[in-house]
Each structure stands twice: as C-alpha cells, then as structure tokens.
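Now for the letters of each chain:
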Amino acid sequence: NTDRLIDTSTATAEECAKLCEKDMCLDALVGIVDPLRQDVIEAVTTCQKAGIIVRMVTGDNLETAIAIAKQAGILTKDGLSMVGED
C-alpha cells in the first residue's frame, strides 16, 4: 500500500521511484500470435485440390509448427509431424 509510504497526490515521480520502487518483482506472461495470411490457407487448399501433397519444413519449435500446419490445413487429423532427429 503506497499510501503508507508517500502522499501520492503530491509526490513527484522521482520521490515515488526513490521510496516505492524497491525490492519489486514482476510476474508476467506475454504471448504473441502472428496469424497466417489468408492467401497461405487458400494456396494450400488450391494445391491440395490439384492433387499436390503439401509439406512444411520450418525451424520452429515442434508444437508451434504443428499449430501453424493445422491452421494452414497442411497437418490433418491422421497426419505426421516430426523433428529432424526423426
């Protein structure tokens, strides 16, 4: 409770930093999503309709690659995903 340390209605930013910003710990979790462009999904679908088997090779983490491949329609329910060692 900062009210016990300083009068927040009159204190300057420097005073607040000096008195309040000690022994702090930030607990945070941040996630970002880079959505697929719509033309990627359409291109995959077009290739598949033409009989082309679409494969994806990436340097992403396997779980990330699986999520992207599912979104793009490349990885199906019975599909296979693997890492380089496989």
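Residues numbered from 1 in each chain as written. Predicted model: local features only at pLDDT ≥ 70, side-chain atom pairs only at ≥ 80, totals over all residues. Heavy atoms only, no water.

(A) Molecular detail of the overall build of the chain. Helix and strand content of the chain: 3 helices and 0 strands. The order of α-helices and β-strands along the chain, N terminus first, is α-α-α. In summary, the chain has a C-alpha radius of gyration of 25 Å against a globular reference of 12 Å for 86 residues, an excess of more than 25%. For the chain, with 86 residues in total, the buried portion stands at 9%. Of all intrachain contacts in the chain linking residues separated by at least 6 positions in sequence, the fraction that spans at least 24 positions is 29%. A total accessible area of about 7700 Å² is found for the chain, and carbon and sulfur atoms account for 54% of it. Mean positive and mean negative side-chain charge positions of the chain (8 and 15 charges, respectively) differ by 7 Å. (Helix = DSSP H or I, 4+ residues; strand = E, 2+ residues; numbered from the N terminus. Rg over C-alpha atoms; globule rule 2.2 N^0.38 Å. Buried < 20%, exposed > 50% of the residue type's maximum accessible area, 1.4 Å probe, protein only. Contact = heavy atoms within 4.5 Å. Areas by Shrake-Rupley, 256 points an atom, 1.4 Å probe, with all protein chains shown as cover. Lys, Arg positive; Asp, Glu negative; His and termini not counted. Charge placed at Lys NZ, Arg CZ, Asp CG, Glu CD.)

(B) Summary view of the pattern of salt bridges. All told, the structure shown has 1 salt bridge when counted by the stated rule. In this structure, arginine 37 engages aspartate 39 in a salt bridge whose closest nitrogen and oxygen atoms are separated by 3.0 Å. Judged by its relative accessible area of 56%, arginine 37 falls in the exposed class. (Salt bridge = Lys/Arg side-chain N within 4 Å of Asp/Glu carboxyl O.)

(C) Fine view of helix α3 (residues 62-72). Those residues of α3 that fall on the buried side of the exposure criterion are Ala65, Ala69 and Ala72. Viewed along the axis of α3, the buried residues span an arc of 65 degrees, placing them on a single side of the element. Opposite the packed face of α3, turned more than 90 degrees from it, sit the exposed residues Glu63 and Lys70. Those residues of α3 that are buried are in contact with α2 (38-49). If you check the start of α3, you find a side-chain oxygen 2.8 Å away from the backbone N of glutamate 63, and it comes from asparagine 61. Positive phi appears at glycine 73, one or two residues downstream of α3, with a value of about 85 degrees. (Arc of directions from axis to C-beta. Polar contact = N/O pair within 3.5 Å; in protein donor to acceptor, adjacent residues only side chain to side chain.)

(D) The arrangement of the confidence of the model for the chain in detail. Scored by pLDDT, the chain comes out at a mean of 87, with 97% of its residues at no less than 70. Across the chain, element-level confidence peaks in α2 with a mean pLDDT of 95 and bottoms out in helix α1 (residues 13-20) with 80. (pLDDT = per-residue confidence, 0-100.)

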